[in-house]
Protein chains: 2
Amino acid sequence: MAIVGFGKIARDQHVAAIAATPGIELAAIASRNAELEGVAHFTTLEELLSQAPEIEAVALCTPPQVRQAQALAALRAGKHVLLEKPPGATVSEIAPLIAASRLTGKTLYATWHSRHAPAVEPARAFLAGCDIRSVRIDWKEDVRVWHPGQGWIWEPGGLGVFDPGINALSILTRIMPRPVFLTRADLAFPSNRAAPIAANLDFTDETGVLIRAEFDFRQTGDQTWDIRVETSKGTLTLSSGGAKLFHDGQPMVDEVEAEYPALYQRFVELVGQGASDVDLTPLVHVADAFMIGRRDVVEPFDD
Amino acid sequence: MAIVGFGKIARDQHVAAIAATPGIELAAIASRNAELEGVAHFTTLEELLSQAPEIEAVALCTPPQVRQAQALAALRAGKHVLLEKPPGATVSEIAPLIAASRLTGKTLYATWHSRHAPAVEPARAFLAGCDIRSVRIDWKEDVRVWHPGQGWIWEPGGLGVFDPGINALSILTRIMPRPVFLTRADLAFPSNRAAPIAANLDFTDETGVLIRAEFDFRQTGDQTWDIRVETSKGTLTLSSGGAKLFHDGQPMVDEVEAEYPALYQRFVELVGQGASDVDLTPLVHVADAFMIGRRDVVEPFDD
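Residues numbered from 1 in each chain as written. Chains lettered and ligands numbered in written order. Predicted model: local features only at pLDDT ≥ 70, side-chain atom pairs only at ≥ 80, totals over all residues. Heavy atoms only, no water.

**Points about the domain arrangement of chain A**
Interface size is commonly expressed as the accessible area that is lost once the parts come together. Residues and elements named next belong to chain A. Rules: Marked domain ranges trace back to an automatic or database domain assignment. It only takes one pair of heavy atoms within 4.5 Å for two residues to be counted as in contact. We define buried area as the total accessible area lost by two parts upon association, computed with a 1.4 Å probe and summed across both. A pair is scored as a salt bridge if a Lys or Arg side-chain nitrogen falls within 4 Å of a carboxyl oxygen belonging to Asp or Glu. Here a polar contact is taken to be a pair of N or O atoms separated by no more than 3.5 Å, where protein atoms must pair a possible hydrogen donor with a possible acceptor and residues adjacent in sequence count only if both atoms sit in side chains.
Domain boundaries assigned for chain A yield domain 1 (2-110) and domain 2 (114-255 + 287-298). Listed per partner, the contact involves 8 residues of domain 1 and 14 residues of domain 2. Around 770 Å² of area is buried between domain 1 and domain 2 when both sides are counted, 59% of it from carbon and sulfur atoms. Between domain 1 and domain 2 we count 1 salt bridge in total. As a salt-bridge pair, D163 and K85 come within 3.7 Å of each other at their nearest N and O atoms. The interface formed by domain 1 and domain 2 holds 5 residue pairs in polar contact (both at pLDDT 80 or more) in total.

Structure below.
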């Protein structure tokens, strides 16, 4: 398979995860500038598609604003396609990809890497068996550390603080026993940027449970990626982005984080089954937040 | 059946359309302030549900920000539910309504009144049989004429110019032979308002056709609700919101507009079939536009 778009996430996660996964092998990179020693290099996806017919699958790690056309071209060329999160710049642009994957019989996999964190499935099982009283999400990180110089994140479609925040929403929508929906959003836009640097969100579900999420890109020092659920059976806490799970303070799981290897294992399974996996729910919540969000302008942000 | 929320659209359209439709009768109004002579009045939906068990269906004409809870309560009370457009303040809030309607076996009908304009089905049939080269939508009206004093339209979730613009999108998504998706949006926000007063949108589809939509609430004088499609078989023009259809300038249909009677006829059909009809596509496009939209601040708007 090939990686298309060779930025930070591709280098930090995808290369090692592909190497660790039986059934796939990294055979090419398509990237305007970046190369990887020992792996074939193409400047564009188009070059790769025309010159490397032996490639069977592509992982698209390009920014969301350009990914739809690439995914469509790859599916039409008969490749299986793995999409980094978010699956697109818009919700609607995915429908033609689903149609193309059905037409070609190739796998389309819209990944949510945080759903493969070790705490997620145990939390889902726990919450299926109790009453949920409230949920509190704190997803607060330093954008200068995690997205250094990534200008696209501040452009329209780049999502700003929702780029990490959507990871929390991908966990929330997996562990909750009923669909949730947004009732209020407050978005803080730096005066010089087209995307929010912070967001406070209220969700609920048909039982009326209060779900409060706070996303902030301005956190320095300790970083916080926590989800705390108050239930009839005590407090469930997913911390460190889902790497750890506590029940009333007692550890329930404390495994080594291996999100991307698990994700590629799932990709190989899907290809083997001739299946696709496209859940747009987290992206729909983000679109909803932009649609109903109250906007505050805050101080300018510079890298 | 009952009407819930008795504002302009209920008075202007729903009362007469219900009267004109065999199989239904207007038996009650739920509205804080407004009444209709000769029809039972309730102050709230809750009162209506508890005191008028003979009501079988409700049409929700309240602002979108409050409609979800009302629809859920009505479905749970065993009523068929008709939703004015847009079907909700968010895309996600509809999922629990669909689930509730399945559980109770009651009809949920998310209406798009403009789809019942006389030009729509003939246009759809025409476009299924030719190549589409470009689409141009101009949806420009005077907000002071059509939404006098409707403060909710400028609140978060009220959609601003997308409140009429979504009518154009409901037609577009019905007549086009393939799913469309947004590639760019420019939104003009009055400096004193939380919703846009104008929007320029670019859509495309998997064939790469250019679809340009311009929505504007600041149009005085002549009002414009036109969709023009350049095709391999000439120019198709839907004008006056779909009331008229022209092929290369020659009229193809020129029927009397009867959107709401057609809509209620469809509602009666759906109830008879035990079916629901919920297409969220137009609302998803609006959410997408807010998510990827570039925002410009323009001069303040006052009623």
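Having seen the model, we can carry on.
**A word on the nonpolar core**
The tendency in soluble globular proteins is for nonpolar side chains to be buried as a group. Convention followed: Grouping buried Ala, Val, Leu, Ile, Met, Phe, Trp, Tyr and Cys residues that are joined through side-chain atoms within 4.5 Å yields what is termed a nonpolar core. Burial classes follow relative accessibility: with a 1.4 Å probe on protein chains only, a residue under 20% of its type's maximum area counts as buried, one over 50% as exposed, and anything between as partly exposed.
Grouped together as the largest cluster of nonpolar side chains are 167 residues, with contacts concentrated most on F162 and F215 of chain A together with F162 and F215 of chain B. In contact with F215 of chain A, not counting residues within four places along its chain, are I137, W139, V161, F162, G165, A168, L169, A198, A199 and L201 of chain A.

**Structural notes on helix α3 (residues 64-76) of chain B**
Residue and element names in this part refer to chain B. Quick note on the threshold: Numbering of helices and strands runs from the N terminus, with a helix taken as a DSSP run of H or I at least four residues long and a strand as a DSSP run of E at least two residues long. Here a helix's expected span is defined as the number of its residues, less one, multiplied by 1.5 Å.
Between its first and last C-alpha, α3 extends 19 Å over 13 residues, near the 18 Å set by a 1.5 Å rise per residue. Regarding α3, the residues found buried are P64, R67, Q68, Q70, A71, L72, A74 and L75. G78, located one to two residues past α3, shows a positive phi value of around 85 degrees.

**Some words on the packing of aromatic side chains**
Residue and element names in this part refer to chain A. Test applied: Each Phe, Tyr or Trp ring, with Trp reduced to its six-membered ring, pairs with another whose centre is within 6.5 Å; inter-plane angles below 30 degrees give stacked pairs, above 60 give edge-to-face pairs, and intermediate values give tilted ones.
What the rule picks out here adds up to 14 aromatic pairs over all chains. For the pair F162 and F290, a centre-to-centre distance of 5.3 Å together with 45 degrees between the ring planes defines the contact as tilted. With F162 in helix α7 (residues 162-175) and F290 in helix α9 (residues 281-292), this pair connects stretches of sequence that are 128 residues apart. Grouping aromatic residues by their ring pairs yields a cluster made of Y109, Y264 and F267.

**Quick look at helix α4 (residues 94-104) of chain A**
Residue and element names in this part refer to chain A. Basically, it comes down to this: Starting at the helix axis, one direction is taken to each C-beta atom, and the arc is that of these directions.
If you check which residues of α4 are buried, you get I94, P96, L97, A100 and S101. Taken end-on, α4 shows its buried residues confined to a sector of 155 degrees, consistent with a single buried face. Exposed positions of α4 whose direction lies more than 90 degrees from the buried face are R102 and L103. The positive-phi residue at the C-terminal boundary of α4 is G105, with phi of around 75 degrees.

**A few points about the interface of chain A and chain B**
At the interface, 31 residues of chain A touch 31 residues of chain B. Across the chain A/chain B interface, buried area totals approximately 2,600 Å², and carbon plus sulfur atoms make up 64% of it. The three residues of chain A that bury the most area against chain B are F181, E206 and M291 of chain A, which together make up 25% of that side's buried surface. Put simply, E155 of chain A and R294 of chain B hold a salt bridge, and the shortest N to O gap is 3.8 Å. Applying the counting criterion to the chain A and chain B interface returns 8 residue pairs in polar contact (both at pLDDT 80 or more).

**Considering the pairing of strand β13 (residues 244-247) of chain B**
Residues and elements named next belong to chain B. For clarity, the cut-off: A pair of strands is treated as paired once DSSP finds two or more bridges between them.
Bridge count for strand β12 (residues 234-239) against β13 is 4 bridges, and the pairing is antiparallel. Counterpart to T237 in the pairing with β13 is F246. Here β12 folds back onto β13, and the loop between the two strands holds 4 residues, one of which, S240, carries a positive phi near 50 degrees. Judged from the 3 bridges that link them, β13 and strand β14 (residues 250-253) form a sheet pairing that is antiparallel. Of the residues in β14, the one forming a bridge with F246 is P251.

**A closer look at unusual backbone geometry**
Residues other than glycine predominantly adopt negative phi, and peptide bonds predominantly adopt the trans conformation. Cis geometry marks the peptide bond from K85 of chain A to P86 of chain A, where omega comes out at -10 degrees. You can see P86 of chain A is positioned in the loop between β5 (80-83) and α4. Despite not being glycine, S240 of chain B shows a phi value in the positive range, around 50 degrees. Along the chain, S240 of chain B falls in the loop between β12 and β13. By relative accessible area, S240 of chain B is classed as partly exposed at 40%.

**Focus: the environment of I137 of chain A**
Residue and element names in this part refer to chain A. You can see I137 is positioned in strand β7 (residues 132-140). Look at I137 and you get buried, because its relative accessible area is 0%. Sequence separation between I137 and W154 is 17 residues; the distance between their C-alpha atoms is 23 Å. Once residues lying within four places of it in the same chain are set aside, the contact partners of I137 are A168, L172, R212, A213, E214, F215, D226 and I227.

**Some thoughts on the side chain of K85 of chain B**
Residues and elements named next belong to chain B. Relative to the assigned elements, K85 resides in the loop between β5 (80-83) and α4 (94-104). K85 sits in the buried class, given a relative accessible area of 9%. There is a polar contact of 2.6 Å between the side chain of K85 and the backbone oxygen of D163. Here the side chain of K85 touches N167 through a polar contact of 3.3 Å, side chain to side chain. K85 has contacts with R67, T111, W112, H113, D163, I166 and N167, leaving out every residue within four places of it along the chain.

**Describing the sheet that holds strand β12 (residues 234-239) of chain A**
Residues and elements named next belong to chain A. Condition: What counts as an axis is a line fitted to C-alpha atoms, over the stretch in contact for a helix, and the angles between N-to-C directions run from 0 to 180 degrees.
One open sheet holds the 9 strands; their spatial order is β14-β13-β12-β11-β7-β10-β9-β8-β15, and the pairing between them is mixed. Of all the strands in the sheet, the pair left with one neighbour each is β14 (250-253) and β15 (294-298). Going across the sheet, the axis of each strand differs from the next one's by a mean of 15 degrees, ignoring polarity. Sheet topology note: the β7/strand β10 (residues 210-216) ladder contains 7 bridges and is parallel. Opposite I137, over in β10, you have A213 as the bridge partner. Taken strand by strand, α7 contacts β7, β8 (180-190), β9 (198-205), β10, β11 (224-231) and β12, and its axis lies near 155 degrees from that of β7.

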